[in-house]
Amino acid sequence: MEAVGQQVESRDDSEGRRLGTREEEEARRARQLEDDLKFSQRERTRDNVRMAGGIVLSLVLALPVMASSAAVRDVDLGWVLLYSGLALGQIGVLASVLWGLHRAVKRGDTDW
């Protein structure tokens, strides 16, 4: 049995690689964990930016359609343009949020 805090001497495994001490192994695991955390944060940030871009895009497309409803002389066409702009905006926002939720579930950020 090894005493707590005692270093394990270096040895080679079956493939000839150096196994190193316990501290080296812990440092390697810490670096790996830090790299994994940075990668997941970058991926989450990228997905959030894409989701926000989808929301902005849907609003940029919907607002001119709704605004054009005020510029037409036909009342029925005005109502159609207004409601189709509202629907376009709502569908775009909903699709972007659902896509973001799908990506979060796929990454393992949420269990929903």
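Look up a bit, the structure's there.
All of the points below concern the structure found in this document.

1. A few points about the overall build of the protein
Phase 1 of the analysis: Looking only at helices and strands, the protein features 2 helices and 0 strands.
Phase 2 of the analysis: Scored against the burial criterion, the 112 residues of the protein give a buried share of 16%.
Phase 3 of the analysis: Across the protein, every contact between residues at least 6 apart in sequence was considered, and the portion connecting residues at least 24 apart equals 39%.
Phase 4 of the analysis: Carbon and sulfur atoms make up 61% of the accessible area of the protein, which totals about 9,000 Å².

2. Examining a nonpolar patch on the surface
Phase 1 of the analysis: Together, V75, W79, Y83 and L86 make up an exposed nonpolar region whose accessible area comes to about 440 Å².
Phase 2 of the analysis: Looking at where V75 falls in the secondary structure, it is placed in helix α2 (residues 75–107).

3. Examining the pattern of salt bridges
One side chain can pair with another of opposite charge once the charged atoms of both are near each other.
Phase 1 of the analysis: Summed over the entire model, instances satisfying the criterion amount to 6 salt bridges.
Phase 2 of the analysis: Between E25 and R29 there is a salt bridge; the shortest N-O distance is 3.3 Å. With E25 and R29 both in helix α1 (residues 22–68), this residue pair falls 4 residues apart, about one helical turn.
Phase 3 of the analysis: In this structure E25 comes out as partly exposed when scored by relative accessible area, which is 25%.
Phase 4 of the analysis: Notably, a salt bridge pairs R107 with D47, separated by 2.4 Å at the nearest N-O pair. Residue R107 is located in helix α2, and its partner D47 is located in helix α1; the two are separated by 60 residues in the primary sequence.
Phase 5 of the analysis: Given a relative accessible area of 4%, D47 falls into the buried group.
Phase 6 of the analysis: Through salt bridges with shared partners, one network takes in E43, D47, R103 and R107.

4. Section: the packing of α1 against α2
Phase 1 of the analysis: The interhelical angle for the contact between α1 and α2, taken along N-to-C directions, is 175 degrees, at an axis separation of 7 Å. Between α1 and α2, the angle is such that the two are roughly antiparallel.
Phase 2 of the analysis: Looking at the contact of α1 with α2 residue by residue, the classes come out as 14 nonpolar, 9 polar and 6 charged.

The rules behind these values
- Residues numbered from 1 in each chain as written.
- Predicted model: local features only at pLDDT ≥ 70, side-chain atom pairs only at ≥ 80, totals over all residues.
- Heavy atoms only, no water.
- Helix = DSSP H or I, 4+ residues; strand = E, 2+ residues; numbered from the N terminus.
- Buried < 20%, exposed > 50% of the residue type's maximum accessible area, 1.4 Å probe, protein only.
- Contact = heavy atoms within 4.5 Å.
- Areas by Shrake-Rupley, 256 points an atom, 1.4 Å probe, with all protein chains shown as cover.
- Patch = residues over 30% accessible without salt bridge, like charges linked within 9 Å, V, L, I, M, F, W, Y side chains within 5 Å.
- Salt bridge = Lys/Arg side-chain N within 4 Å of Asp/Glu carboxyl O.
- Axes fitted to C-alpha atoms, helices over the stretch in contact; angles between N-to-C directions.
- Parallel < 35°, antiparallel > 145°, perpendicular 65-115°, else oblique.
- Nonpolar A, V, L, I, M, F, W, Y, C, P; charged D, E, K, R; others polar.

Read these as geometric descriptors, not functional statements.
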